[in-house]
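Commentary on secondary and tertiary structure
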Amino acid sequence: METPACYRITLASGETFPYKAEDESVLAAMRRANAGPIKSGCFGGGCGICKMRVASGSYRSFKPMSRAHVSEQDRANGIVLLCCIRPTSDLTLAPADDT
Amino acid sequence: MALNQTLRPGLIQLRVLDLDKTLDFYKNVLGLDEVARTSDGRVCLKTYDEFDHHSVTLRLADEAGLDSVAFKVDSEETLDKMARETEAFGYPVEEVPANSDQPGFGRRIRFKISTGHTFELYATVDLAEKHPGLKNPDIWNEPPRGMGVIRLDHFLLYGPNIAEAERFCTDVLKMYVPEVCNLPDGNRLATWITGNNKPHDLAFVEYPKPGKIHHVGFLLQDWNHVGQAADLIAINRLKKDIGPTRHAITRGQTIYFWEPSGNRIEVYAGGYTASPDNPQRVWDSDHLGRGLFYYEGEMIPSFLEIVT
């Protein structure tokens, strides 16, 4: 059986939390670790409350993010909804408006 | 059960981000039946207990939220009268031909109100192919699925200038306002509006961004079904927002959660019987938390902060 990847996610404050499961979002891992400044909402990519910027690292999005909250230009700048992404490396996150 | 011309909210069109996944939720968790697909790929649904052709239309889009809400009125004559009165109120009216973008629906009128929401009115709609029995009827024809919601019940809309929206509903749609919440300066923070004996057909909360929806409400039979809904939210790994709890406002027994595209859904039971001759109930804004979440006794921040 394949061992789930474990990545470390670092916030601008220096706070870090682990991502262990392969089937959850960065937001779910963040909530479970009780980390971060981000509130959670719909977990469906619709409400936009979990918007942040990925400052470094790689990830993939596994569900659509509402264009009302993340434009194509935003995506190019690493703006994401954390409920819609899974990491594929360690990540550093920054506030969405800190670009 | 209309008391004065506007019967009820009869149709809502929602935008969804993932049609297959979200449709599966509406059919198998909420319990709606799919009744039609349009040539542009939208899906029309209804509850098992509704008579009209459909009550919910889902449209695949790149953002979640609300396209439009439509109210059924009691006659074509009322529809014509309300079209004139809507124009006179200051909202330009567009005619939507029968059987055009909503299959089974007669002609509709469409206009935008002060809060930025698109409203529609119609008087005529086809009887659904699968409708509740009429002759010595059983309580249902097929066992209700999932949460087994009974009807599209109401919606809560967020936008600017709800005082004008409330006035439109009373002056033109001939609805009334069983309950309100006011800010210390006397301005409206929230209003609950109905055209019949339900405590609300729609509600508004004052909000700077136009055209937002807070939730769509569907009716359940009783408190036990609220518990069953909570079970189904957990089993299906849906994200719960609030509840099961009780509203003091409307008195509904309720649970809120998000469907897979991030539109908030309420399923609820109970609520008082409203009547236009009853005095209006008034909430001060610093008591709104207890009014909304009676068992918690305080505001739950996500309720005011998160809309689509």
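What you see is a predicted model; the values in this text were computed from it and never measured. (Residues numbered from 1 in each chain as written. Chains lettered and ligands numbered in written order. Predicted model: local features only at pLDDT ≥ 70, side-chain atom pairs only at ≥ 80, totals over all residues. Heavy atoms only, no water.)

1. Quick notes on the environment of His131 of chain B
Residues and elements named next belong to chain B. With respect to the helices and strands, the residue His131 is situated in the loop between strand 8 (118-122) and strand 9 (152-159). Between the C-alpha atom of His131 and that of Phe51, which follows or precedes it by 80 residues, the distance is 5.0 Å. Ignoring sequence-local partners within four residues, the contact set of His131 consists of Lys46, Glu50, Phe51 and Asn141. (Helix = DSSP H or I, 4+ residues; strand = E, 2+ residues; numbered from the N terminus. Contact = heavy atoms within 4.5 Å.)

2. Topic: the pairing of strand 7 (residues 91-95) of chain A
On a regular strand, each side chain points to the face opposite its neighbour's, so the side chains alternate between the two faces of the sheet. Residue and element names in this part refer to chain A. For strand 1 (residues 7-11) and strand 7, the ladder comprises three bridges, and the chain directions are parallel. Looking at strand 7, one finds that Leu11 is bridged to Leu93. Strand direction decides the pairing type here: strand 3 (residues 51-56) and strand 7, joined by four bridges, are antiparallel. Bridging across to strand 7, Val54 finds its partner in Leu93. (Pairing = 2+ DSSP bridges.)

3. Examining the pairing of strand 16 (residues 264-270) of chain B
All names here are of chain B. Counting buried positions along strand 16 yields six of seven residues, so the element is predominantly enclosed. As defined by bridge partners, strand 15 (residues 252-258) adjoins strand 16 across seven bridges and the pair is classed as antiparallel. If you follow Ile255 over to strand 16, its bridge partner there is Val267. In this structure, the hairpin formed by strand 15 and strand 16 is closed by a connection of five residues, where Gly262 is found at a positive phi of approximately 90 degrees. (Buried < 20%, exposed > 50% of the residue type's maximum accessible area, 1.4 Å probe, protein only.)

4. Quick look at the packing of helix 2 (residues 76-89) of chain B against helix 3 (residues 162-171) of chain B
Residues and elements named next belong to chain B. Where helix 2 contacts helix 3, the two axes come as close as 11 Å, and the packing angle between them is 150 degrees. If you check the angle between helix 2 and helix 3, you find them roughly antiparallel. Between helix 2 and helix 3 lies a crossing of right-handed hand. Each of Glu85, Thr86 and Phe89 in helix 2 lies in contact with helix 3, whose residues at this interface are Glu164, Arg167, Phe168 and Asp171. Across the contact of helix 2 with helix 3, the residue classes tally to two nonpolar, one polar and four charged. (Axes fitted to C-alpha atoms, helices over the stretch in contact; angles between N-to-C directions. Parallel < 35°, antiparallel > 145°, perpendicular 65-115°, else oblique. Left-handed = near helix turned anticlockwise from the far one by under 90°. Nonpolar A, V, L, I, M, F, W, Y, C, P; charged D, E, K, R; others polar.)

5. A short note on the pattern of salt bridges
All names here are of chain B. Tallied over the full model, the rule gives 28 salt bridges over all chains. Where Lys27 meets Glu34, a salt bridge forms, and the shortest distance between an N and an O atom there is 3.0 Å. A relative accessible area of 29% means that Glu34 is categorised as partly exposed. Note that Asp201 is salt-bridged to Lys198, the shortest N-O span being 2.8 Å. Judged by relative accessible area, Asp201 falls into the buried class, the value being 0%. Salt bridges sharing partners connect three or more residues here, namely Glu94, Asp101, Arg108, Arg110 and Glu120. (Salt bridge = Lys/Arg side-chain N within 4 Å of Asp/Glu carboxyl O.)

6. Regarding helix 3 of chain B
Residue and element names in this part refer to chain B. Turning to helix 3, its buried residues are Ile162, Ala165, Glu166, Phe168 and Cys169. Down the axis of helix 3, the buried side of the element spans an arc of 155 degrees, and every buried residue falls inside it. Elements in contact with the buried residues of helix 3: helix 2, strand 7 (108-112), strand 9, strand 10 (176-182), strand 11 (188-194) and strand 12 (202-206). (Arc of directions from axis to C-beta.)

7. Examining the interface of chain A and chain B
Taken together, the contact pairs 15 residues of chain A with 13 residues of chain B. Of the roughly 1200 Å² buried at the junction of chain A and chain B (both faces included), carbon and sulfur atoms supply 60%. Put simply, chain A and chain B have two salt bridges between them. Partitioned by chemical class, the residues of the side of chain A that touches chain B number seven nonpolar, six polar and two charged. (Buried area = accessible area lost by both parts, 1.4 Å probe.)

8. Re the sheet that holds strand 14 (residues 239-246) of chain B
Residues and elements named next belong to chain B. Taken together, nine strands build an open sheet; the order of strands is 14-15-16-13-9-12-11-10-17 and the sheet is mixed. Two strands bound the open sheet, and with one partner strand each, they are strand 14 and strand 17 (281-284). In this sheet, neighbouring strand axes are inclined to one another by 15 degrees on average, regardless of whether the strands run parallel or antiparallel. Note that strand 9 and strand 12 share five bridges and pair parallel. Each bridged residue has a counterpart across the sheet, and for Tyr158 the counterpart in strand 12 is Val205. Contacting strand 14, strand 15 and strand 16, helix 4 (residues 223-235) crosses the sheet at an angle of about 15 degrees to strand 15.

Note that every value here comes from positions in space, so none of it alone points to a role or purpose.
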